[in-house]
Amino acid sequence: MNKNELKILIRWKHKSMKRIVPVLFVFLFACANQSKDEAKVIIFHAGSLSLPLKQMERAFEEKYPGIDVQLEGAGSVACARKITDLKRDCDIMASADYTVIDEMLIPGYTSNNIQFASNEMVIAYSDRSERADEITIDSWPDILMDKDVIYGRSDPDSDPCGYRSVMTMKLADIYYGRNDITDSLLKKDRNMIRPKEVDLVALLQTGVIDYFFIYRSVAEQHKLKYIELPPEINLSDPDFNYLYSEVSVEIRGKSPDDTIEMRGGEMIYGICILDKSKDKEEVIEFMKYFLGEEGRSVIERNGQGVIFPPRVNRLEALPAALHHFFSTGQ
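Residues numbered from 1 in each chain as written. Predicted model: local features only at pLDDT ≥ 70, side-chain atom pairs only at ≥ 80, totals over all residues. Heavy atoms only, no water.

## Let's talk about the sheet that holds strand β2 (residues 67-74)
Move 1: If you walk across this open sheet you meet the six strands as β2-β1-β3-β12-β4-β13, and the pairing is mixed. At either end of the open sheet lies a strand with only one pairing partner, and these are β2 and β13 (305-312). For this sheet, the mean inter-axis angle between neighbouring strands, taken without regard to orientation, is 20°.
Move 2: Alignment of strand β3 (residues 92-95) against strand β12 (residues 268-273), held across four bridges, turns out to be antiparallel. Note that in β12 the partner of Ile 92 across the bridge is Ile 273.
Move 3: Those strands touched by helix α3 (residues 50-63) are β1 (39-46) and β2, and its axis lies near 175° from that of β2. (Pairing = 2+ DSSP bridges. Helix = DSSP H or I, 4+ residues; strand = E, 2+ residues; numbered from the N terminus. Axes fitted to C-alpha atoms, helices over the stretch in contact; angles between N-to-C directions. Contact = heavy atoms within 4.5 Å.)

If you want it as structure tokens, here you go:
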């Protein structure tokens, strides 16, 4: 209501004011409290899930206008620390590595861990990247080690893509029969390490870096050029788990003096409902959407493989309304 409308109201007769003011008060009170009555679902999630979850948020809120989905992206390890160290309020956490949930949130914060999607490591670049016309599945280690080339990666202590990048380097040493790839790349371009992998997209697009380690889904979402890596290196193929498990990376653990050994394995995403939120109706509704056909199609359209039906560590730890997804997927 603008000032002119208020002036007109003030000039009205006292009798009219008696009728209008209560109605106006009720209207303004309802508007002020509308947001307070709206149910919230707070989701901490991996940066690589930003685009698909944003699409889900829009579609879900159209379907359930009384529920406000609030997304907060970061590296998956950083997401877990917001819950464990900072005691931030959160209902659902979606991780690019399901083992982050196992290592950092179970027990104490959640008792369930749902495996729902896969991915793979690639190396993204642009047309103006140094030596872009030379990079291949075999030449990339020497090109990234070139002093005239700048490459980026994410922080292993914050982001699974960060420690998976290091695992890729270690597996490359094995695959190519070398011993210089990991040592050289870990010492190089340390000023181009960022908290999460999606932070590097803009650096590539603006020409600050020439290459970076990234998930295939993110490269496709941002329409980046990339080279595929051999399955023995890219952490995508369960047939090579015996090889992936030969490498590991230590990251900061639950306390500053603690470390966690993250061992190589097939790349699997995980999602969990925090124990304090597993009985919330709005949380259950979102998870039904996420695990259902609509949610799966969003993930697939954004370049990821879907685990169907999904897998869960403890079915009994989930609300009964979700149990059927794990037997039939429907």
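Read on for the rest.
## A word on the packing of aromatic side chains
Move 1: Taken as a whole and assessed by the stated rule, the structure comprises 13 aromatic pairs.
Move 2: Three or more aromatic residues link up through ring pairs in this structure, and these residues are Phe 60, Tyr 64, Phe 116, Tyr 215, Tyr 269, Phe 286, Tyr 289 and Phe 290.
Move 3: When the ring centre of Phe 44 is taken as origin, the NZ or CZ atom of Lys 82, which lies over that ring, is 5.4 Å away. (Phe/Tyr/Trp six-rings, centres within 6.5 Å; stacked < 30°, edge-to-face > 60°. Lys NZ or Arg CZ within 6 Å of the ring centre and 35° of its normal.)

## Quick word on the sheet that holds strand β6 (residues 151-154)
Paired through their backbone hydrogen bonds, the strands of a sheet run either parallel or antiparallel.
Move 1: The strand order across the open sheet built from five strands is β7-β6-β8-β5-β9, with neighbouring strands paired in mixed fashion. In the strand order of this sheet, the two ends are held by β7 (193-194) and β9 (225-228), each with one partner.
Move 2: With two bridges joining them, β6 and β7 adopt parallel strand pairing. Each bridged residue has a counterpart across the sheet, and for Ser 154 the counterpart in β7 is Arg 194.
Move 3: Seen against the sheet, helix α7 (residues 160-175) touches β5 (121-125), β6 and β8 (211-215) and runs at an angle of roughly 110° to β8.

## Things to note about empty space enclosed by the protein
Move 1: Going through the model one piece at a time under the given rule, you end up with one cavity of 30 Å³ or more.
Move 2: Taken as a whole, the largest cavity encloses approximately 50 Å³ of empty space.
Move 3: Element by element, the count of residues in the lining of the largest cavity is highest for β13, at three residues.
Move 4: Grouping the constituent residues of the lining of the largest cavity by class yields seven nonpolar, no polar and one charged. (1 Å grid on protein atoms, 1.4 Å probe; cavity = no way out; pocket = protein on both sides within 12 Å on 5 of 7 lines; lining within 4 Å. Points joined across faces, edges and corners; volume = space filled by probe spheres on them. Nonpolar A, V, L, I, M, F, W, Y, C, P; charged D, E, K, R; others polar.)

## Some details on the environment of Ala 39
Move 1: Here Ala 39 lies in strand β1.
Move 2: For the pair Ala 39 and Lys 280, spaced 241 residues apart in the sequence, the C-alpha separation amounts to 9.5 Å.
Move 3: In contact with Ala 39, other than residues within four places in its own chain, are Gly 66, Ile 67, Asp 68 and Glu 282.

## Structural notes on the pattern of salt bridges
Move 1: Inspection of every chain in the model, using the stated rule, returns 22 salt bridges.
Move 2: Beyond isolated ion pairs, a larger network of salt bridges with shared partners links Asp 89, Asp 91, Lys 276 and Lys 280. (Salt bridge = Lys/Arg side-chain N within 4 Å of Asp/Glu carboxyl O.)

## A few points about the layout of surface pockets
Move 1: The volume enclosed by the largest pocket comes to roughly 210 Å³.
Move 2: If you trace the largest pocket, you find 15 residues lining it, with Asp 97, Thr 99, Arg 263, Gly 264 and Gly 265 closest to the centre.
Move 3: Mapped onto the lining of the largest pocket, the elements with two or more residues apiece are α5 (98-104), α7 and β11 (259-263).
Move 4: Classifying every residue of the lining of the largest pocket by side-chain character gives five nonpolar, four polar and six charged.

## Points about the pairing of strand β4 (residues 114-118)
Move 1: Counting buried positions over the five residues of β4 gives four, a clear majority of the element.
Move 2: In this sheet, β12 lies alongside β4 in antiparallel orientation, the contact comprising four bridges. Counted as the bridge partner of Ala 117 is Tyr 269 from β12.
Move 3: Pairing geometry for β4 and β13, over four bridges, is antiparallel. Paired with Ile 114 across the strands is Val 312, a residue of β13. (Buried < 20%, exposed > 50% of the residue type's maximum accessible area, 1.4 Å probe, protein only.)

## Focus: the packing of helix α12 (residues 281-291) against helix α13 (residues 293-301)
Move 1: As a packed pair, α12 and α13 sit with axes 4 Å apart at the nearest point and diverge in direction by 55°. Regarding the angle of α12 to α13, the classification is oblique. Along the contact surface, α12 presents Tyr 289, Phe 290 and Leu 291, while α13 presents Glu 293, Glu 294, Gly 295, Arg 296 and Ile 299. (Parallel < 35°, antiparallel > 145°, perpendicular 65-115°, else oblique.)

## Points about the side chain of Ser 277
Move 1: Of note, Ser 277 is situated in the loop between β12 and α12.
Move 2: Since its relative accessible area comes to 0%, Ser 277 is described here as buried.
Move 3: Within the local environment of Ser 277, its side chain forms a polar contact with the side chain of Asp 91, the two groups lying 2.6 Å apart.
Move 4: Contacts of Ser 277, omitting those with residues within four sequence positions, involve Cys 90, Asp 91 and Val 283. (Polar contact = N/O pair within 3.5 Å; in protein donor to acceptor, adjacent residues only side chain to side chain.)

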